[in-house]
Amino acid sequence: MLKIAVERTTAPKPKPEDQTKLGFGGIFTDHMFLMDYNAGEGWHDPRIVPFGPLPLSPAAMCLHYGQEVFEGMKAYACPDGSVRLFRPDENMKRLNLSCDRLCIPPIDEAFAVEAVKELVRLDAGWVPTAEGTSLYIRPFIFAADAQLGVHPAKHLIFCIILCPVGAYFPEGLNPVKIYVEQEYVRAVRGGMGYTKTAGNYAASLKAQEKANAAGYSQVLWLDGLEHKYIEEVGAMNVFFALGDSVVTPALQGSILGGITRKSCVALLQSWGVPVEERPLALAELLEGTRSGQLKEAFGSGTAAVISPIGALRCGEENIAINGGNIGALSQRLYDALTGIQWGRSPDPFGWTVAV
Ligand code: PLP
Ligand code: COI
């Protein structure tokens, strides 16, 4: 395995004073990881350096054509004093899936996990310990060739940065209100929806603004072809307790295969709760709200954790779910998942890894 050169900062930054007030994504630790790719040389020169600006040509291809992929994962401070990652191998596997779709040369997944561990170990003093906090890890790869003209890059940069974070939604574990978007679409099958790439999020902004203006915190996307089937929310997959089972949209190429989603499915199945991964029509959901079959809804994601959905706005209709309260199943999943992540409960699936 390549050796990672380390240049420590000579000017460590002050850490957040009040961890209970941590928001999401605006505070960065002292160091970052960098690695270069050149055609011919492959991935090389892995290094940890002080966090700071990157030299980049204004002609860098990522700025013009969006050839970029990223991941989102977390490190947790556990009661036994260890710092643990949650299923990091899954993030690196997905990073390579995204790379493949965007013609980015694959990274060595095991090496990338080691790079995360080494960076987190160096900045371990930044892992927050207050209830509900963690260290968010953002690995990303972007095209750095100074070249106008659309083709896959020959020079790319792999970077990892770290942020101490609290809840992604200001609501915390209180239910969020979601706007069902019936005009704009995020992705279509055959496109890039199943990857984590900047363009998917750029495509989401307009609808997000519209939802915010109407007093809703997130958008629920419908499929791009028929505007009929439920896809996912801006930064989370969605689950609905419908009748006696839990339904989540099947992965058919236009939504992200969330690692939290996969973990929720495993937890639910281990409890004997039937899970259906299948196309879910908006009409079926609306019918479920009328008949009382729709009992709970929640989103799942690394940043969002388990986020109960208390209300849906669909056209002119405002639909309350579970009286706008967190449901028993959402609470049980939140407790089970965060129990494993924060090292407070046993980890029967072997999901966590010490750095
Ligand atoms: N869907 C989208 C669009 C996301 O950005 C995320 C967050 O990464 C998710 C779903 C949830 O994925 P994961 O559970 O791997 O964080
Ligand atoms: C994550 O959960 O890691 C995300 O990517 C959400 C986000 C886009 C901030």
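Residues numbered from 1 in each chain as written. Chains lettered and ligands numbered in written order. Predicted model: local features only at pLDDT ≥ 70, side-chain atom pairs only at ≥ 80, totals over all residues. Heavy atoms only, no water.

Topic: the domain arrangement of the chain
What counts here: Residue ranges labeled as domains rest on an automatic or database domain assignment. Throughout this description, the term salt bridge denotes a Lys or Arg side-chain nitrogen within 4 Å of a carboxyl oxygen of Asp or Glu.
The assigned domain composition of the chain is domain 1 (5-165) and domain 2 (176-341). Distance between the C-alpha centres of domain 1 and domain 2: 27 Å. Across the domain 1-domain 2 interface, the total number found is one salt bridge. Salt-bridge contacts for glutamate 90 lead to lysine 262; the nearest nitrogen and oxygen are separated by 3.1 Å.

Concerning the nonpolar core
We count it as follows: Put simply, buried Ala, Val, Leu, Ile, Met, Phe, Trp, Tyr and Cys residues joined by side-chain atoms within 4.5 Å make one nonpolar core. The classification of residues rests on relative accessible area computed with a 1.4 Å probe and restricted to protein chains. Under 20% of the type maximum is buried, over 50% is exposed, and intermediate values are partly exposed. Note on contacts: a residue pair qualifies if any of its non-hydrogen atoms lie within 4.5 Å across the two residues.
If you look at the biggest cluster of nonpolar residues, it comprises 49 residues, and the most contacted ones within it are Phe33, Val120, Ile137, Ile141 and Phe158. Here phenylalanine 158 is in contact with Phe33, Leu34, Met35, Trp43, Leu95, Ile107, Ala112, Pro139, Phe140 and Ile141, once residues within four sequence places are set aside.

Let's talk about the packing of helix 2 (residues 88-101) against helix 3 (residues 109-122)
Rules: Angles run from 0 to 180 degrees between N-to-C directions of axes, and those axes are lines fitted to C-alpha atoms, restricted for helices to the stretch in contact. Here a strand is any run of E in DSSP of at least two residues, a helix any run of H or I of at least four, and the numbering for each starts at the N terminus. Each angle receives one of four descriptions, namely roughly parallel if under 35 degrees, roughly antiparallel if over 145, roughly perpendicular if within 65 to 115, and oblique otherwise. For any pair of crossing helices, the crossing counts as left-handed if the nearer helix is rotated counterclockwise from the farther one by less than a right angle, and right-handed if it is rotated clockwise. In this classification, the charged set is Asp, Glu, Lys and Arg, the nonpolar set is Ala, Val, Leu, Ile, Met, Phe, Trp, Tyr, Cys and Pro, and all remaining amino acids, among them Gly, are polar.
Where helix 2 meets helix 3, the axes come as close as 9 Å, and the angle between the chain directions of the two elements is 125 degrees. Classified by the interaxial angle, the pair formed by helix 2 and helix 3 is oblique. Of the two possible hands of crossing, helix 2 and helix 3 adopt the one that is right-handed. Residues Pro88, Asp89, Met92, Lys93 and Asn96 of helix 2 form the contact with helix 3, whose participating residues are Glu109, Ala112, Val113 and Val116. For the contact of helix 2 with helix 3, the class distribution of residues is five nonpolar, one polar and three charged.

Topic: the site of ligand 2
Short version of the rule: Summary of the distance rule: residues count as near a molecule or strand when at least one heavy atom falls within 4 Å of that molecule or strand. In the analysis that follows, any N or O atom pair within 3.5 Å is treated as a polar contact, provided that within protein one partner can donate a hydrogen and the other can accept it, and provided that, for residues neighboring in sequence, both atoms belong to side chains. Surface exposure here means Shrake-Rupley accessible area, sampled with a 1.4 Å probe, where a residue is shielded only by the protein chains that are shown.
All residues in the neighbourhood of ligand 2 are listed as Phe24, Gly72, Tyr136, Arg138, Tyr168, Lys196, Tyr201, Ala235, Thr302 and Ala303. Within the contact set of ligand 2, an oxygen atom lies 2.6 Å away from a side-chain nitrogen or oxygen of lysine 196. A distance of 2.9 Å separates an oxygen atom of ligand 2 from a polar atom in the backbone of alanine 303. When ligand 2 sits alone it has 280 Å² of accessible area, and the protein chains cover 88% of it. Tallied by class, the residues present in the shell around ligand 2 amount to six nonpolar, two polar and two charged. Both domains that furnish three or more residues to the shell around ligand 2 are identified here as domain 1 (5-165) and domain 2 (176-341).

Quick look at the side chain of aspartate 223
Applicable threshold: Only four residue types enter the tally: Lys and Arg on the positive side, Asp and Glu on the negative side, with His and both chain ends excluded.
By the element assignment, aspartate 223 lies in the loop between strand 10 (218-222) and strand 11 (230-233). In this structure, aspartate 223 is buried with no salt-bridge partner, the nearest side chain bearing the opposite charge being arginine 189 at 6.2 Å. Among the polar contacts made by the side chain of aspartate 223, one reaches the main-chain amide nitrogen of tyrosine 229 at a distance of 2.7 Å. In this structure aspartate 223 touches Val185, Lys228, Tyr229 and Glu231, once residues within four positions along its chain are discounted.

A few points about the site of ligand 1
Among the 16 residues in the neighbourhood of ligand 1, the closest are listed as Lys196, Tyr201, Glu232, Thr260 and Thr302. A distance of 2.5 Å separates an oxygen atom of ligand 1 from a polar side-chain atom of tyrosine 201. Threonine 260 places a side-chain nitrogen or oxygen 2.5 Å from an oxygen atom of ligand 1. Each residue belonging to the shell around ligand 1 can be placed in one class, and the counts come to five nonpolar, seven polar and four charged.

Side note on a nonpolar patch on the surface
Rule in force here: For patches, a residue must show more than 30% relative accessible area and have no salt bridge; joins then use 9 Å for like charges and 5 Å for nonpolar side chains, namely Val, Leu, Ile, Met, Phe, Trp and Tyr.
The grouping of Tyr65, Leu148 and Val150 at the surface amounts to a nonpolar patch, some 330 Å² of accessible area in total. With respect to the helices and strands, the residue leucine 148 is situated in the loop between strand 7 (134-143) and strand 8 (155-165).

Section: the pattern of salt bridges
For the coordinates displayed, the defined rule picks out 17 salt bridges. Among the salt bridges present, the one from glutamate 114 reaches lysine 117, with a minimum N-O distance of 3.5 Å. Of this pair, glutamate 114 and lysine 117 both sit in helix 3, separated by three residues, roughly a single helical turn. For lysine 117, a relative accessible area of 13% gives the class buried. A salt bridge links glutamate 181 to lysine 210; the shortest N-O distance between them is 3.0 Å. Of this pair, glutamate 181 sits in the loop between strand 9 (176-180) and helix 4 (198-202) while lysine 210 sits in helix 5 (residues 205-213); the two residues are 29 residues apart in sequence, bridging distant segments of the chain. Salt bridges linked by common partners bring Arg87, Glu90, Lys93 and Lys262 together as one network.

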